[in-house]
Amino acid sequence: MTSGATVWLTGLPSAGKTTIATELAGVLRAQGHRVEVLDGDEIREFVSAGLGFSREDRHTNVQRIGFVAELLARNGVLVLVPVIAPYADSREAVRKRHAENGTPYLEVHVATPVEVCGERDVKGLYARQAAGELTGLTGVDDPYEAPEAPDLRIETQEQSVPESAAAVRALLGERGLA
């Protein structure tokens, strides 16, 4: 059995985080790894219900996800975390929790430009924001602090989903984690 690790995929809404994580999870499971995907939307529904989208609530949500991810990773699971996590200090706190416990942590910036995300608009958020029905959309009228030194940066507008997943898989291999 390989040791666990957390792979945190951060990026704008509709950047491709969950799509890449789902693809990678299938590849890793087929290779015999224990894998969990902690999707941001599912976490909000089941673990962080009641939290809004203020900076404080977003920080709390990211810390909850980070706690669960570290717990699973510490116990031998490869944890894929496709979550916007817009603030650098929130992501750094998660990285620090992992470091304190000796748990491997990789940050992947899914660096899809906002224009491309707006065209994809998987959940209709960009259209709702443009129509004035939604405020606080990360990367549009709410901040997104892009990672300055991620372990990997993926530009999904320039490669396929399998290619993006393969890049993350290669990083895990380089680090001896899968």
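Residues numbered from 1 in each chain as written. Predicted model: local features only at pLDDT ≥ 70, side-chain atom pairs only at ≥ 80, totals over all residues. Heavy atoms only, no water.

Undergrad: Help me understand the overall build of the chain in this model?
TA: Per the secondary structure count, the chain includes seven helices and five strands. Along its sequence from the N terminus, the chain presents helices and strands in the succession β-α-β-α-α-β-α-β-α-α-β-α. Counting only C-alpha atoms, the chain reaches 50 × 35 × 30 Å along its principal axes. Out of the 178 residues in the chain, the part that is buried amounts to 47%. For the chain, the computed accessible surface area is about 8400 Å², with 51% contributed by carbon and sulfur atoms. The chain carries 18 positive and 26 negative side-chain charges, and their two centres are separated by 6 Å. (Helix = DSSP H or I, 4+ residues; strand = E, 2+ residues; numbered from the N terminus. Buried < 20%, exposed > 50% of the residue type's maximum accessible area, 1.4 Å probe, protein only. Areas by Shrake-Rupley, 256 points an atom, 1.4 Å probe, with all protein chains shown as cover. Lys, Arg positive; Asp, Glu negative; His and termini not counted. Charge placed at Lys NZ, Arg CZ, Asp CG, Glu CD.)

Undergrad: Teacher, can you tell me more about helix 3 (residues 55-74) here?
TA: The periodicity of an α-helix, 3.6 residues per turn, causes residues three or four positions apart to be oriented the same way. Its 20 residues place the ends of helix 3 28 Å apart at the C-alpha level, agreeing with the 28 Å of an ideal helix rising 1.5 Å per residue. Of the residues making up helix 3, those classed as buried are D57, R58, N61, V62, Q63, I65, G66, A69, E70 and A73. Where helix 3 is buried, its residues contact strand 1 (5-10), helix 2 (40-46), strand 3 (78-82) and helix 4 (88-100). Count one or two residues on from helix 3 and you reach G76, which has phi positive near 90°. (Expected span 1.5 Å × (residues − 1). Contact = heavy atoms within 4.5 Å.)

Undergrad: Would you take a moment to explain the side chain of T138 for this structure?
TA: Positionally, T138 belongs in the loop between helix 6 (125-130) and strand 5 (152-154). By relative accessible area, which is 2% here, T138 ends up buried. At 2.9 Å, the side chain of T138 forms a polar contact with the side chain of R58. Residues in contact with T138, not counting those within four places in the same chain, are L12, P13, R58, I84, P86, Y126, P143 and Y144. (Polar contact = N/O pair within 3.5 Å; in protein donor to acceptor, adjacent residues only side chain to side chain.)

Undergrad: Mind showing me how you'd approach the nonpolar core here?
TA: Across soluble globular proteins, nonpolar side chains have a tendency to be buried as a group. Counting residues in each nonpolar core, the largest one holds 28 residues, and the members touching the most others are V7, L9, L24, L80, V108, V168 and L172. Mapped onto this core, the elements with two or more residues apiece are strand 1, helix 1 (17-30), strand 3, strand 4 (105-110), strand 5 and helix 7 (161-174). With five residues, the top contributor of residues to this core is helix 1. Setting aside anything within four residues of it in sequence, one finds V168 in contact with V7, I20, L24, V108, L152 and I154. Residues W8, A69, V77 and V83 belong to the second largest nonpolar core, which totals 14 residues. (Core = buried A, V, L, I, M, F, W, Y, C linked by side-chain atoms within 4.5 Å.)

Undergrad: Explanation requested: the packing of helix 1 against helix 7 in the structure shown.
TA: Helix-helix packing: each pair is described by the crossing angle between the helix axes and the interaxial distance. Where helix 1 meets helix 7, the axes come as close as 9 Å, and the angle between the chain directions of the two elements is 60°. One finds that helix 1 runs oblique with respect to helix 7. When you trace helix 1 past helix 7, the crossing you get is right-handed. Contacts from T19, I20, E23, L24 and L28 of helix 1 reach helix 7 at V161, P162, S164, A165, V168, R169 and L172. (Axes fitted to C-alpha atoms, helices over the stretch in contact; angles between N-to-C directions. Parallel < 35°, antiparallel > 145°, perpendicular 65-115°, else oblique. Left-handed = near helix turned anticlockwise from the far one by under 90°.)

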